[in-house]
Each structure stands twice: as structure tokens, then as C-alpha cells.
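So you can see what is in the structure, the chains are spelled out below.
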Amino acid sequence: MSEPPAGADASEAPAHDYKLVSATYQDREYPEGVLAVNEAGNEIELRRWMGKTKRPDIVIARFHLEPNTDVRVDGAVLNVSELSVTLESPAAAGEVADLLRRPARELEAARLVTEVEASVGVFLETREEALNLLSRIKVDPRGALFASAARSTDSNAEPLDSVYSTYSARLAESLQKMKASLAGGEKGLGVGATDMMYAITYAIGQVQNALFEGDSDLVQELAALRELGIAMTAQELRTKRPTARLLVRAHPALVSLATSSLRSG
């Protein structure tokens, strides 16, 4: 955590204010006051009451919370790095601790989601690539097959056999890795995020199928994506690499669900 000089004023009103019974900061004690928590900005302020009106007029210290900030609770006592505050109840201390631990939860949730997304992305993008090749084969069979076979390590294989065996192997391998990643990640991601990842995978597969079949409107697919909170247009889906674009759009909602799971766990 970092701090500005004592007496600095807050630039924005914090989201939550908690009355203090007492606080200790840099070996100095402060009777009463307010602990202000700006959840959106990952900041906290220790404010001192001044005068007979007991308004929190002076900011003693302001901290920006890093994901690795040490937050500990012992009854009504909350310790955040070198700051120790006693709140009105253990429940209040627990509530503040939960808010302050949010950056760490979000960081861990993003890491877990990204790991699972990687395996899902490999499978779906391999599938997209295979369907794109099949689309090219319909238009120019000879050119598409020989262009693909030219990248094969087996020069003796027939072009169609080479293409089929290559993509079959890649899809089978990536599918197994995706299933293992989803199954292994459920404990960390939680049921909600895992179920949504399955739903997104299925929805993207349906989009790929519709594009392969030449469906220009994509009405059903767009509706399914909207139900998952992914706003896209048919024009966006017809651009290059729609699978990667869809996974990027889905990422924030998945992180939010995983963060909630870590919080409740």
C-alpha cells in the first residue's frame, strides 16, 4: 500500500464509511473516526473526527490496495498492513475485510478463467479453421486441398486423407484437453462460471455451424449470445476470427462469476 502526506483530502467520495472505535497507524493511536472504503478504486482512508460536531474532517492516511495486500481479521479488529482498526462489531470487520480482499479475488478469478479459456480457445479455433477449410474446398476443391496438403509432413498421403487425418487428430486432442480443463477448473471457477463456459462453447460452435452453412442473418445464434450477455452483430460475426472475438467479449462476465464463487467459498 502507498500513502499521501497526512492531511490530504479525498478526491472522490468513498463507496462505504465505517465508524471506528479506535485505530493505530505508525505507532500512533486515534480514538474514534471513520474508515472509508472506495471499493471501485481499491482505496481506503483513515479519517479523524475533529471538533465538537465529530465530522471526519482530516484524512490521516490513504492507501491504494494491491492484490497481495495482507488483510487480517481478529474479532472486531482489522489489520491492513501497518494499519490496525477496531470497528463496532466483528460483523463490520468481516464486511470490510471482504471488500478489501476483492482485488486478490479478482486477480485469482481472472487467472483461473484465462487458463480454462486457453484450452477452450484452442479447440474452438481449430474447429473454426477446419470449417473454413471445408468452405474453401466447396468453392475450389483442388486448390484448397493441395494448399493444405502442402503443409503436411506426410508427402506420400493423398491430399484429402492428409487434411482429414490432420484435423481429426488436432480436434480430438484439443477436445480432450478442453474437457479436462473444464472438469479440473470447476472447483476454482465455481459451478456458475463453469456452466457459462460450457454454454459459451456450445453457442460459439453453433455460430461456426451457421457461418459454414451460409446463414447470413444468424438470428438464433445472436439471440443465444444475448442470453449469455454477449452483445454482437451479424456483421461482427462474419469478420475474420469470430471465435476469438466472442471469447474476448465473454471474458468479463466469466471473471465476475468466478470472483463471486471465490468470495462465497
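Rules used throughout
- Residues numbered from 1 in each chain as written.
- Predicted model: local features only at pLDDT ≥ 70, side-chain atom pairs only at ≥ 80, totals over all residues.
- Heavy atoms only, no water.
- Core = buried A, V, L, I, M, F, W, Y, C linked by side-chain atoms within 4.5 Å.
- Buried < 20%, exposed > 50% of the residue type's maximum accessible area, 1.4 Å probe, protein only.
- Helix = DSSP H or I, 4+ residues; strand = E, 2+ residues; numbered from the N terminus.
- Contact = heavy atoms within 4.5 Å.
- Axes fitted to C-alpha atoms, helices over the stretch in contact; angles between N-to-C directions.
- Parallel < 35°, antiparallel > 145°, perpendicular 65-115°, else oblique.
- Nonpolar A, V, L, I, M, F, W, Y, C, P; charged D, E, K, R; others polar.
- Pairing = 2+ DSSP bridges.

Attention now goes to the nonpolar core. Formed by 32 residues in total, the largest nonpolar core has its most connected members in Val 120, Ile 200, Leu 225, Ile 230, Leu 237 and Leu 246. Secondary-structure elements contributing two or more residues to this core are α2 (102-139), α4 (159-213), α5 (219-227), α6 (234-237) and α7 (242-264). It is α4 that provides the largest number of residues to this core, a total of 11 residues. Not counting the four nearest positions on each side in its chain, Ile 200 is found in contact with Leu 228, Ile 230, Leu 247, Ala 250 and Leu 254. One finds Phe 63, Leu 65, Leu 83 and Ala 97 within the second-largest nonpolar core, a separate group that totals 25 residues.

All right, on to the packing of helix α1 (residues 90-100) against α2 then. Describing two packed helices takes the angle between their axes plus the distance from one axis to the other. The interhelical angle for the contact between α1 and α2, taken along N-to-C directions, is 40°, at an axis separation of 5 Å. By the criterion of interaxial angle, the relationship of α1 to α2 is oblique. Side by side, α1 and α2 meet where Asp 98, Leu 99 and Leu 100 of the first sit next to Arg 102, Pro 103 and Arg 105 of the second. Class assignment for the residues of the contact of α1 with α2 results in three nonpolar, no polar and three charged.

This paragraph deals with the pairing of strand β7 (residues 77-80). Inspection of the sheet shows strand β6 (residues 71-74) paired to β7 by four bridges, in the antiparallel sense. Residue pairing for β7: Asp 74 is matched across the bridge by Val 77. Counting the residues in the hairpin turn of β6 and β7 gives two residues, including Gly 75, whose phi is positive at 65°. Connecting β7 to the next strand, strand β8 (residues 83-87), in antiparallel fashion are two residues, including Ser 81 with a positive phi near 55°.

Locating Asn 132 in the fold gives a position in helix α2. A relative accessible area of 39% means that Asn 132 is categorised as partly exposed. In this structure, the C-alpha to C-alpha distance between Asn 132 and Leu 211, residues 79 residues apart in sequence, is 9.1 Å.

With that out of the way, let us pick up the pairing of strand β3 (residues 34-38). When you tally the buried positions in β3, you get five out of five residues, the bulk of the element. Side chains of β3 alternate between two faces, with Val 34, Ala 36 and Asn 38 and Leu 35 and Val 37 buried alike. Of the strand pairs in this sheet, strand β1 (residues 16-25) and β3 are connected by four bridges, and their pairing is antiparallel. Directly across from Tyr 18, in β3, lies its bridge partner Leu 35.

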